[in-house]
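Residue-level listing of the chains:
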Amino acid sequence: MNMKNNTVLVTGGGTGIGLEIAKYFYENGNEVIICGRRLEVLEDAQKVMPNLHILTCDLSNANARKAFSAKLLSNFPNLNVLINNAGIQRFRNLRENLLTENGWADYQDEIQTNLEAPIHLSNLLLPALHKKKNAAIINVTSALAFVPYTAVPVYSATKAAIHSFTLSLRHQLKDTDIAVLEIIPPAVNTDLGGKGLHTYGVDVTEFTTSVLNRLANGEEEVGYGGSEEIRLFGKTQLSEGFKKMNG
Ligand SMILES: NC(=O)c1ccc[n+]([C@@H]2O[C@H](COP(=O)([O-])OP(=O)(O)OC[C@H]3O[C@@H](n4cnc5c(N)ncnc54)[C@H](OP(=O)(O)O)[C@@H]3O)[C@@H](O)[C@H]2O)c1
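This report concerns the structure included in the present document. Because the structure is predicted, anything quoted here is derived from the model rather than measured.

1. Comments concerning the site of the ligand
Taken together, 28 residues lie around the ligand, and T15, R37, N85, Y155 and T190 are the ones closest in. L59 places a main-chain nitrogen or oxygen 2.9 Å from a nitrogen atom of the ligand. Separating an oxygen atom of the ligand from a side-chain N or O atom of T190 is a distance of 2.6 Å. Against a free-state accessible area of 870 Å², the protein chains account for coverage of 95% of the ligand. When its residues are assigned to classes, the shell around the ligand shows twelve nonpolar, twelve polar and four charged.

As structure tokens, then:
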């Protein structure tokens, strides 16, 4: 992928991995737009990168996604790179469902944000990307797409689904100018799921620099550390990985 002279949208670009991705593209001579729900977080990013563009959005809602995409394309008609990075992660005890069926809205929020939003944004933006040179869609999935962590069961399922969708999209678009790429993070030290839950993870800057440099060198699917191993696992290793991950 060509990492210069693009117009790039990074969803969830105000914090964590998205912020590092935004910085990488910003420092490499690209026009960068970030979006998220919290304006103050986006404004903080803009203080560090004065030419950064910010847009608020709630990607968990289909109508909001439509309105957001229309505004995005109207303000940034040169958009040629979509980075589906925004995501949420919730711990869930599925055994509670043995007693009650409450909580579907909360499940849906996770499915809509992690799964519906990237598919819908691809759908909304593909016609515009198709008219551009060096277009790309980059999906941020997870090592848990390959080996689920059962404590975050819906999250793991959404990431497996987005990995699958990425393979299909890449295959179907192979004769177009749109590259379909995947970043597969291991545990990374960000605030995902809440402050302090991922402090054991790898450094976010080192991780992001490594995976984006590999995309720049032409790779289509990249992990880092543990997730680089997991994405290449065979069946036996997947079973062993599941046991290790889930005790
Ligand atoms: N950190 C890890 O260990 C790890 C591992 C594997 C995969 N990942 C993936 O990496 C991606 C980035 O996560 P992160 O670790 O950088 O965590 P993070 O700092 O919590 O970033 C998530 C971002 O998504 C945005 N977001 C959440 N819901 C949204 C919504 N409905 N609409 C718009 N934006 C929304 C958040 O901003 P607002 O709250 O302001 O909306 C936030 O900026 C996620 O897809 C995550 O699943 C992370």
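Still to come is the rest of the account.
2. Quick look at the packing of helix α3 (residues 62–75) against helix α4 (residues 104–130)
One way to put it is that α3 packs onto α4 with a least axis distance of 10 Å and a crossing angle of 35°. As for the relative orientation of α3 and α4, their crossing is right-handed in sense. Only Q112, E116, A117, H120, L121, L124, L125 and A128 of α4 make contact with α3, whose side of the interface consists of A62, R65, K66, F68, S69, L72 and L73. In terms of residue class, the contact of α3 with α4 is built from nine nonpolar, three polar and three charged.

3. Remarks on helix α6 (residues 204–216)
End to end, α6 covers 18 Å across 13 residues, agreeing with the expected 18 Å (1.5 Å per residue, within 8%). All buried positions along α6 are accounted for by V204, F207, T208, V211, L212, R214 and L215. Buried positions in α6, seen along its axis, are confined to an arc of 155° and lie on one side of it. Residues of α6 that are buried sit in contact with α1 (16–27), β5 (135–140), β6 (178–183), β7 (221–222) and α7 (226–230).

4. Digging into the sheet that holds strand β3 (residues 53–56)
Strand pairs in the sheet, formed through backbone hydrogen bonds, run parallel or antiparallel to each other. Taken in spatial order, the seven strands line up as β3-β2-β1-β4-β5-β6-β7 in an open sheet, and their pairing is parallel. Two strands in the sheet have a free side with no partner beyond their single neighbour: β3 and β7. For strand β2 (residues 31–36) and β3, the ladder comprises four bridges, and the chain directions are parallel. Paired with C35 across the bridge in β3 is L55. Of the strands in this sheet, β1 (7–11), β2 and β3 touch α3, which is tilted by about 160° from β3. Docked against the sheet, α6 engages β5, β6 and β7, running at close to 150° with respect to β6.

5. Thoughts on the pairing of strand β4 (residues 81–84)
Side chains V81 and I83 project from β4 onto one buried face, and the interleaved L82 and N84 project onto a second face that is buried too. For β1 and β4, the ladder comprises three bridges, and the chain directions are parallel. When the bridges of β4 are listed, V8 appears paired with V81. Alignment of β4 against β5, held across four bridges, turns out to be parallel. Looking at the pairing, I83 lines up with I138 of β5. Crossover connection from β4 via α4 to parallel β5: handedness right-handed.

6. As for the packing of aromatic side chains
Counted by the stated rule, this structure contains four aromatic pairs. Both rings, one in W104 and one in Y107, keep their centres 5.6 Å apart while their planes meet at 40°; by these two values the pair is tilted. With W104 and Y107 both in helix α4 and three residues apart, the pair spans about one turn of that helix. Seen in terms of ring centroids, F207 and Y224 are 5.8 Å apart; in terms of plane orientation they differ by 80°. Their pairing is edge-to-face. Separated by 17 residues along the polypeptide, F207 in helix α6 and Y224 in the loop between β7 and α7 bring together distant segments of the chain. Residue F207 shares its accessibility class with Y224, and that shared class is buried. Over the aromatic face of Y107 sits the side chain of R92, whose NZ or CZ is 4.3 Å from the ring centroid.

Rules used throughout
- Residues numbered from 1 in each chain as written.
- Predicted model: local features only at pLDDT ≥ 70, side-chain atom pairs only at ≥ 80, totals over all residues.
- Heavy atoms only, no water.
- Near = heavy atom within 4 Å.
- Polar contact = N/O pair within 3.5 Å; in protein donor to acceptor, adjacent residues only side chain to side chain.
- Areas by Shrake-Rupley, 256 points an atom, 1.4 Å probe, with all protein chains shown as cover.
- Nonpolar A, V, L, I, M, F, W, Y, C, P; charged D, E, K, R; others polar.
- Axes fitted to C-alpha atoms, helices over the stretch in contact; angles between N-to-C directions.
- Helix = DSSP H or I, 4+ residues; strand = E, 2+ residues; numbered from the N terminus.
- Left-handed = near helix turned anticlockwise from the far one by under 90°.
- Contact = heavy atoms within 4.5 Å.
- Expected span 1.5 Å × (residues − 1).
- Buried < 20%, exposed > 50% of the residue type's maximum accessible area, 1.4 Å probe, protein only.
- Arc of directions from axis to C-beta.
- Pairing = 2+ DSSP bridges.
- Right-handed = clockwise from strand over helix to strand, strands pointing away.
- Phe/Tyr/Trp six-rings, centres within 6.5 Å; stacked < 30°, edge-to-face > 60°.
- Lys NZ or Arg CZ within 6 Å of the ring centre and 35° of its normal.

Geometry only, nothing functional implied.
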